[in-house]
Amino acid sequence: MRFTETPLEDWVFSPDYAVPLLENKLACFRSKALVCRGVRLRLRPAGAILHYVRSTQRGTLEHVDRIGFYDRQEYLVLDPSPFAT
């Protein structure tokens, strides 16, 4: 499988840029419940993804109205089946 890698500059991941970008797009992140350290760390890469999509798609992102987080420890991760085609 081939992937295209698009590097982003470090400032895109900075909390001063990424978190307000999400807060402006998704007002739900202004909740005081999301100020905890763990969630704020997750907002930085989510803001960078929003930046990337906004800069490459050149359209409105009206369809993006929420974001979700999940913890991989809450799910069972299966290895690929050797029998899959």
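Structure first, text after, so check above.
For the structure given in this document, a descriptive report is provided here. (Residues numbered from 1 in each chain as written. Predicted model: local features only at pLDDT ≥ 70, side-chain atom pairs only at ≥ 80, totals over all residues. Heavy atoms only, no water.)

1. Focus on the packing of aromatic side chains
Then step 1. Scanning the model with the defined rule gives 1 aromatic pair in all.
Then step 2. Taken together, a centroid distance of 5.0 Å and an interplanar angle of 80° make the contact between Trp11 and Tyr17 edge-to-face.
Then step 3. Judged by relative accessible area, Tyr17 falls into the partly exposed class, the value being 23%. (Phe/Tyr/Trp six-rings, centres within 6.5 Å; stacked < 30°, edge-to-face > 60°. Buried < 20%, exposed > 50% of the residue type's maximum accessible area, 1.4 Å probe, protein only.)

2. Things to note about the side chain of His51
Then step 1. By secondary structure assignment, the location of His51 is in helix α2 (residues 37-57).
Then step 2. The class of His51 is buried, set by a relative accessible area of 15%.
Then step 3. Only 2.7 Å separates the side chain of His51 from the side chain of Tyr17, close enough to count as a polar contact.
Then step 4. Those residues within four positions of His51 in sequence are excluded, and the remaining contacts are Leu8, Trp11, Val12, Tyr17 and Leu21. (Helix = DSSP H or I, 4+ residues; strand = E, 2+ residues; numbered from the N terminus. Polar contact = N/O pair within 3.5 Å; in protein donor to acceptor, adjacent residues only side chain to side chain. Contact = heavy atoms within 4.5 Å.)

3. Regarding the nonpolar core
Within soluble globular proteins, side chains that are nonpolar generally end up buried alongside one another.
Then step 1. Among the nonpolar cores identified, the biggest contains 8 residues, and these are Val19, Leu21, Leu22, Leu26, Leu43, Ala46, Leu50 and Leu61.
Then step 2. Of all the secondary structure elements, the ones that give two or more residues to this core are α1 (15-25) and α2.
Then step 3. Excluding anything up to four places from it in sequence, Leu21 contacts Gly47, Leu50, His51 and Arg54. (Core = buried A, V, L, I, M, F, W, Y, C linked by side-chain atoms within 4.5 Å.)

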